[in-house]
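These are the residues of each chain, in order.
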Amino acid sequence: MPRITLPDGSSREIQTGATVADVADMIGPRLARSAIGGKIDGEVVDLGSPLTRDCQIKILTPSVDDADSLHLLRHSCAHIMAEAICSLFPETKLVYGPPVENGFYYDVDLDRPLTPEDFAAIEARMAEIIKADRPFVRYEMDRDEGMRKLQAEGNRYKIDNAERAEGKLSFYVTGERSDSAFEDLCRGPHVPSTGRIGAFKVMQVSGAYYRGDQKEKQLQRIYGTAWPTKKDLEAHLFRLEEARKRDHRVLGKQLGIFSIHEEIGPGLIHWHPRGGMIRHLVENFWKDEHLKRGYDIVFTPHIASERIYRRSGHLEKYGDMMYSPMDIDGLNYYLKPMNCPGHYMIYLSDIRSYRDLPIRMCELGTVYRYEPSGTLHGMLRVRGFTQDDAHTFCTPEQLGQELDMLLELMDLMMRTFGYQYKAYLATRPEKYLGTLQEWERATNELQMAMERRGLAFEVDEGGGVFYAPKIDIKLIDSMGREWQGPTIQVDLQAAKRFEITYVGADNAPHETIIIHRTVLGSMERFIGGLIEHYGGAFPMWLAPVQILLASVSEKSADYAREVLARLKAAGLRTRLDVSHEKIGPKKHAARQEKIPYILVVGEKEAAEGTVNVNDRSGKSLGNQAVDAFIAHCRKLVAERALEPGA
RNA sequence: GCCGACGUAGCUCAGUGGUAGAGCACAGCUUUCGUAAAGCUGGGGUCGUGGGUUCAAAUCCCACCGUCGGCUCCA
């Protein structure tokens, strides 16, 4: 008799052949009613699965806090959607329908394009299937028999799936097994019956290449979402709406940060005054911190002749991403796609001694790269962008301390902007240049630097670039999303290709170590990300307008002007509103613009020499003397505090 | 680049073949006002661009451009 252990640590013996459902029943009738599956030794299984050996078991019930139960629910819902689509469009060939973050999709091969207008019919059919509450019935076949069955059905995708599967093939029928019943090759598991799907919605349809291969047929991918209850579904739709409000494209327009114009071209960013101010502040901070750490600021041209890009290998490797050349005096010139060659030329313009190293060059360098039209996305994916680029040229002995400094700089940047982050060590990919020893040495240096810092990291096996292993930092924003952040690469090829050397103490040339890194990525992507991270409510030091100064009526306008002069003299970016409006609408407008502080001045304030302070959350902070408020603001700016919050 | 949807006033959007609309924003006037959108009046659009169908096109068809959601790719 198998002995089972429950999550609370208790264990008991059960009849051989008892199922997960039987266990749920033993524990209690309420659990039995709500159970949708089980987890045996970490593997999610059907409620009807027999228990044949000693095991750890957990009964799964629908819950938004349990990823396993959500997957079970969503994967089952994908089947129901597939059945609905097949019944509406019998020529549909099913491909693959997994659960994903917040929902599921099903890829189908169907020549008639599905449109959002079809969703209502699909949802209606799904609702019928759910209402019928038909059981998901699993049956298995030997490989050969199963393959013969699939061959007879002639769906090449399912044959493909089956060929990849191990062992027996399993099928799921919804309802009684018969010629007319809906069934699908599937590994499972599923909820016990269709009626167990709480709430669902068909969300969108898009194209997706079979197996992600551009040369393969493009299928239709229909996305849906499913939740334990209607309330959960509504909460999810609400969250989507909230995320939409934080979208940097929405806020970028609303707050006057940037725009993109068809007349000028897609993927090309125009920084408006507010955006320009934010960028200016970020860049100043960036430059200050680099100068403090011994960097030299350099500038390199926006175009360069083909000679450099042949030598660098860019034309060969990145030619597809570079724009067509322009002819200047019979020689082809290209818009620069990267800053590195310019920095190498600066290094090579002189003989470098080991005494000169390390040389650290940084540049906010604008580059242009061809990105396919379908991939452009606001400020986050553009065709012209400014990288915060830097190269450190050093000796092998200096590499460790340089990496230490870079990790420290990276950490400062992330903390200042309020990001949590995760580190990854990306190791040698399949296609690589250089020797194994070089790779091992460089990878070790990166790993040791993270260990010295006590920085926890995961290894991204084979995730390095062909010329370098790297440290990748993924930053986590205020909504819990991960973004590609800083990256540090120890370049193993550039020194060879460009003959970048220094003269050692032995008076002989040695290959220079080159560290290639970025701490913000690009100004466009970084600030686009910041907009979403802060939901448009920039902290005091970054807010393009820090203070709105509003008079209660014209009677207080003169006092307001007086306060304005003092705020401006203190270097605070302040806007005055002495319009003939009531204080309510003035405050409302300032909050719409997410200005950190709103100062109300009326006759009372004028009499006592104070300002009435409100933050953008709507909270009143009472009256303060003008100097005290100025001191408070200057402190926030000097500390680059993340306050006041949204 | 591929699949699908969308493109109407500065913004958000309504308008399914018959003289272009609303709210917000903007301007003027009234109100001089105490903390989450005052009232009235007014200006503003060759309905993304170009073809076509029709007596008549924002509306139907075609092409192109752009945007959005995905796929692929990426700072």
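Given the structure is predicted, the values throughout are model-derived calculations rather than measurements.

Colleague: Help me get a handle on the overall build of chain A, residues and values and all.
Modeller: Regarding its fold elements, chain A presents 20 helices and 33 strands. Judged by the C-alpha coordinates and their principal axes, chain A covers about 80 × 80 × 55 Å. Classification of the 646 residues of chain A by burial places 50% in the buried group. The contacts in chain A between residues at least 6 apart in sequence include a share of 68% that link residues at least 24 apart. About 31,100 Å² of surface is accessible on chain A, with carbon and sulfur atoms providing 49% of the total. The average position of the 84 basic charges and that of the 93 acidic charges among the side chains of chain A differ by 4 Å.

Colleague: Before we move on, can you summarise the protein's contact with RNA strand B with the specific residues and values?
Modeller: Neighbouring RNA strand B are 52 residues; Q204, S206, Q218, R381 and R591 lie closest to it. Of all atoms in RNA strand B that approach within 4 Å of the protein, 49% are sugar or phosphate atoms. Listed by contribution, the elements that provide at least two residues to the surface near RNA strand B are β12 (199-209), β13 (218-227), α8 (248-254), β28 (513-522), α18 (583-592), α19 (603-608) and β32 (610-615). A class-by-class count of the residues in the surface near RNA strand B yields 14 nonpolar, 22 polar and 16 charged.

Colleague: Could you give an account of a nonpolar patch on the surface, naming the residues involved and the relevant values?
Modeller: On the surface, a nonpolar cluster with roughly 330 Å² of combined accessible area is contributed by L291, I297 and F299. Looking at the element boundaries, L291 is found in helix α9 (residues 273-292).

Colleague: Could you give an account of the sheet that holds strand β3 (residues 37-40), naming the residues involved and the relevant values?
Modeller: Spatially, five strands are ordered β2-β1-β5-β3-β4 in an open sheet, and the strand pairing comes out mixed. Of all strands in the sheet, those bounded by a partner on one side alone are β2 (11-13) and β4 (43-45). Neighbouring strand axes in the sheet, compared pairwise and without regard to direction, differ in orientation by 35° on average. Together, β1 (3-5), β2, β3, β4 and β5 (55-60) form the strand contacts of helix α1 (residues 20-27), whose direction differs from that of β5 by roughly 75°. Packed onto the sheet, helix α3 (residues 67-88) meets β3, β4 and β5 and runs at close to 65° relative to β5.

Colleague: I'd like a rundown of the nonpolar core, residues and numbers included.
Modeller: Core analysis: the largest hydrophobic core is formed by 61 residues, its most contacted members being M413, F417, L520, F538 and L542. Examining the composition of this core, we find that eleven residues originate from one element, helix α13 (residues 399-417), more than from any other. Each residue touching L520, except ones within four places of it in the same chain, is listed here: V282, W286, D388, M413, F417 and F526.

Colleague: Account for the packing of aromatic side chains, with residues named and values stated.
Modeller: Here the structure, examined in full by the defined rule, presents 17 aromatic pairs. Ring centres of Y139 and F171 lie 5.3 Å apart, and the angle between their planes is 15°; on these two criteria the pair is classed as stacked. Of this pair, Y139 sits in strand β9 (residues 136-141) while F171 sits in strand β10 (residues 169-174), and the two are 32 residues apart along the sequence. Here Y139 falls in the buried class, since its relative accessible area comes to 10%. Using a relative accessible area of 1% as the deciding quantity, one classes F171 as buried. With a centroid separation of 5.1 Å and an interplanar angle of 85°, the aromatic rings of F466 and Y467 are classed as edge-to-face. Here the aromatic cluster, defined as three or more aromatic residues joined through ring pairs, consists of F285, F417, Y419, F526 and W541. The lysine or arginine in question, R74, covers the ring of W227, its NZ or CZ lying 4.4 Å from the ring centre.

Colleague: Please set out the domain arrangement of chain A residue by residue, giving values where relevant.
Modeller: Per the domain assignment, the segments of chain A are domain 1 (3-60), domain 2 (67-236), domain 3 (258-300 + 339-534) and domain 4 (547-639). Opposite the eleven residues of domain 1 that make contact, domain 2 presents ten residues. Between domain 1 and domain 2, a total of about 830 Å² is buried, with carbon and sulfur atoms accounting for 57% of that surface. At the boundary of domain 1 and domain 2, one finds one salt bridge. When the shortest N-O distance is used, the salt bridge between K39 and D68 registers 2.6 Å. Summed over the shared surface of domain 1 and domain 2, the number is six residue pairs in polar contact (both at pLDDT 80 or more). Split by residue class, the side of domain 1 that touches domain 2 holds six nonpolar, two polar and three charged.

Colleague: Would you mind going over the side chain of D472 in detail, with residue names and values included?
Modeller: Within the secondary structure, D472 sits in strand β24 (residues 470-476). At 3.3 Å, the side chain of D472 forms a polar contact with the side chain of T487. With residues near it in sequence (within four places) discarded, D472 still touches K422, A423, Y424, A426, Q484, P486 and T487.

Colleague: Talk me through the packing of helix α17 (residues 557-569) against helix α20 (residues 626-639); I want residue IDs and the actual numbers.
Modeller: With their axes 11 Å apart at the nearest point, α17 and α20 run at an angle of 35° to one another. Crossing hand, α17 versus α20: right-handed. Judged by residue contacts, Y559, V563, R566 and L567 of α17 engage V626, D627, F629 and I630 from α20.

Colleague: Give a description of the environment of Q546 that names residues and reports values.
Modeller: Mapped onto the elements of the fold, Q546 is located in the loop between α16 (523-534) and β29 (547-551). Q546 sits in the buried class, given a relative accessible area of 1%. Between the C-alpha atoms of Q546 and I595, which are 49 residues apart in sequence, the distance is 5.7 Å. Once you skip the residues sitting within four places of it in the chain, Q546 turns out to touch M540, W541, G571, L572, R573, I595, P596, Y597 and V637. A polar atom in the side chain of Q546 sits 2.9 Å from the backbone oxygen of M540. Among the polar contacts made by the side chain of Q546, one reaches the main-chain amide nitrogen of R573 at a distance of 2.7 Å.

Colleague: Can you explain the sheet that holds strand β19 (residues 331-335)? Please cite residues and give values.
Modeller: The strand order β17-β19-β18 describes an open sheet built from three strands, whose pairing is antiparallel. At either margin of the open sheet sits one strand with a lone partner, and together these are β17 (303-305) and β18 (326-328). Each strand of the sheet is rotated relative to its neighbour by a mean of 40°, with strand direction disregarded. Taken together, the three bridges between β17 and β19 define a ladder with antiparallel strand orientation. Paired with A304 across the bridge in β19 is Y334.

Rules behind the numbers
Residues numbered from 1 in each chain as written. Chains lettered and ligands numbered in written order. Predicted model: local features only at pLDDT ≥ 70, side-chain atom pairs only at ≥ 80, totals over all residues. Heavy atoms only, no water. Helix = DSSP H or I, 4+ residues; strand = E, 2+ residues; numbered from the N terminus. Buried < 20%, exposed > 50% of the residue type's maximum accessible area, 1.4 Å probe, protein only. Contact = heavy atoms within 4.5 Å. Areas by Shrake-Rupley, 256 points an atom, 1.4 Å probe, with all protein chains shown as cover. Lys, Arg positive; Asp, Glu negative; His and termini not counted. Charge placed at Lys NZ, Arg CZ, Asp CG, Glu CD. Near = heavy atom within 4 Å. Nonpolar A, V, L, I, M, F, W, Y, C, P; charged D, E, K, R; others polar. Patch = residues over 30% accessible without salt bridge, like charges linked within 9 Å, V, L, I, M, F, W, Y side chains within 5 Å. Salt bridge = Lys/Arg side-chain N within 4 Å of Asp/Glu carboxyl O. Pairing = 2+ DSSP bridges. Axes fitted to C-alpha atoms, helices over the stretch in contact; angles between N-to-C directions. Core = buried A, V, L, I, M, F, W, Y, C linked by side-chain atoms within 4.5 Å. Phe/Tyr/Trp six-rings, centres within 6.5 Å; stacked < 30°, edge-to-face > 60°. Lys NZ or Arg CZ within 6 Å of the ring centre and 35° of its normal. Domains from an automatic or database assignment. Buried area = accessible area lost by both parts, 1.4 Å probe. Polar contact = N/O pair within 3.5 Å; in protein donor to acceptor, adjacent residues only side chain to side chain. Left-handed = near helix turned anticlockwise from the far one by under 90°.

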